[in-house]
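# Examination of the molecular architecture
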Amino acid sequence: MRQDSLGEERIYTDVNEGQSFWEGVKDCIPTLLGYLSIGFAAGVVEKTSGLSMVEIALISLLLYAGSGQFIASGMIAASHPISAIVFTIFFINSRHLLLSAALAPYFRHQTTKQNILTGALLTDETFGVAINHAQLNRAINFKWMLGLNVAAYFNWFVANMAGGFLGQWIPNPEKYGMDFALPAMFIGLLVLQILSHKKYFLACLVALSAIIIVVASSFVFSGSTGVIVATILASTIGVVIERWK
């Protein structure tokens, strides 16, 4: 047990020596196009919903959630009560509990403050990059993760502000295909993760299970709930098959 612990510590130290803040920024670059397009579209929607530039800046910095900001803008425009907006956004973003739980084992060597900062800036996109990075390196350095998160955070803020400022001249961003940039980015991250894993049969089986579960759960739950249910069940199926083999 002592040797295993020392070996794990050596792996952690070696990996930390090969990672830095600016390497995290560099690894974030493939996701920036998706952030720019979706963030720009979010800024347009927020502006057309009646938010001022200051409010757009605050919602992008404090809420920092693409789907949450789109929904909040629509609910604000429809004059929904604040309690309903808060509850809806909390429910939609509850998937971050799953994302954080998946990354938590790689950050058990970090301090509580570092983990809080990492979790506060974690998004779907940075999770995709980080989990792929972790599978290749077996550990994640806090400075690398901070660079990844900060680059995404700053880029999202700039994109929102640009959308809010220029949105009056682009009333329909979907016309230019901006709405597909985020799905395309996730497809790219998924392909990279599958290729690095080299377990194609298992990946395809989990993906097929997730699709079937999402379709089946849509008859019972809302769309966002169905995605969470499918994520949990499909991941469980993958783990069971992996252990069984």
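This report concerns the structure included in the present document. From a predicted model like this one, the values you see are computed outputs, not experimental measurements.

Moving on, we get to the overall build of the protein chain. Of regular secondary structure, the protein chain possesses twelve helices and zero strands. Mapped in sequence order, the helices and strands of the protein chain form the string α-α-α-α-α-α-α-α-α-α-α-α. Looking at the protein chain as a whole, 37% of its 245 residues qualify as buried. Counting contacts in the protein chain only where the partners sit at least 6 residues apart, residues at least 24 apart contribute 78% of the total. For the protein chain, the accessible area works out to roughly 14,300 Å², and carbon and sulfur atoms hold 71% of it.

Before going further, it helps to examine the environment of serine 49. Looking at the secondary structure, you find serine 49 in the loop between α2 (21-48) and α3 (53-63). Separated by 27 residues in the primary sequence, serine 49 and isoleucine 76 have C-alpha atoms spaced 7.0 Å apart. Apart from the residues lying within four places of it in its own chain, the contact partners of serine 49 are Ser73, Gly74 and Ala77.

What follows concerns a nonpolar patch on the surface. Taken together, Ile211, Val215, Phe219, Val220 and Phe221 make up a surface patch of nonpolar side chains, about 570 Å² in accessible area. Tracing the chain through its elements places isoleucine 211 in helix α11 (residues 200-217).

Among the nonpolar cores identified, the biggest contains 22 residues, and Leu103, Ala130, Ile140, Trp144, Met145 and Leu148 are the most heavily contacted of them. Those elements giving two or more residues to this core turn out to be α2, α6 (95-103), α8 (124-137) and α9 (142-166). When residues of this core are assigned to their parent elements, the largest contribution, six residues, is made by α9. If near-sequence neighbours (up to four positions away) are discounted, leucine 103 is found in contact with Leu122, Phe127, Ala130, Ile131, Ile140 and Met145. Within the second largest apolar cluster, seven residues are counted, among which are Leu51, Ile56, Met75 and Ile85.

Given a rise of 1.5 Å per residue, 18 residues ought to cover 26 Å, and the 25 Å separating the end C-alpha atoms of α11 matches this to within 8%. Those residues of α11 lying buried are Leu202, Ser209, Ile213 and Ser217. Looking straight down α11, one finds that the buried residues subtend no more than 55 degrees of arc, so they occupy a single side. Facing away from the buried side of α11 by over 90 degrees, the exposed positions are Phe201, Cys204, Ile211 and Ile212.

We now examine the packing of α2 against α8. Two numbers describe how α2 lies on α8: the axes approach to 10 Å, and their chain directions differ by 155 degrees. The pairing of α2 with α8 is recorded here as roughly antiparallel in orientation. Crossing of α2 over α8 shows right-handed handedness. Of α8, the residues touching α2 (which contributes Asp27, Thr31 and Tyr35) are Glu125, Thr126, Val129 and His133. Partitioned by chemical class, the residues of the contact of α2 with α8 number two nonpolar, three polar and two charged.

Reading the values: rules and limits
- Residues numbered from 1 in each chain as written.
- Predicted model: local features only at pLDDT ≥ 70, side-chain atom pairs only at ≥ 80, totals over all residues.
- Heavy atoms only, no water.
- Helix = DSSP H or I, 4+ residues; strand = E, 2+ residues; numbered from the N terminus.
- Buried < 20%, exposed > 50% of the residue type's maximum accessible area, 1.4 Å probe, protein only.
- Contact = heavy atoms within 4.5 Å.
- Areas by Shrake-Rupley, 256 points an atom, 1.4 Å probe, with all protein chains shown as cover.
- Patch = residues over 30% accessible without salt bridge, like charges linked within 9 Å, V, L, I, M, F, W, Y side chains within 5 Å.
- Salt bridge = Lys/Arg side-chain N within 4 Å of Asp/Glu carboxyl O.
- Core = buried A, V, L, I, M, F, W, Y, C linked by side-chain atoms within 4.5 Å.
- Expected span 1.5 Å × (residues − 1).
- Arc of directions from axis to C-beta.
- Axes fitted to C-alpha atoms, helices over the stretch in contact; angles between N-to-C directions.
- Parallel < 35°, antiparallel > 145°, perpendicular 65-115°, else oblique.
- Left-handed = near helix turned anticlockwise from the far one by under 90°.
- Nonpolar A, V, L, I, M, F, W, Y, C, P; charged D, E, K, R; others polar.

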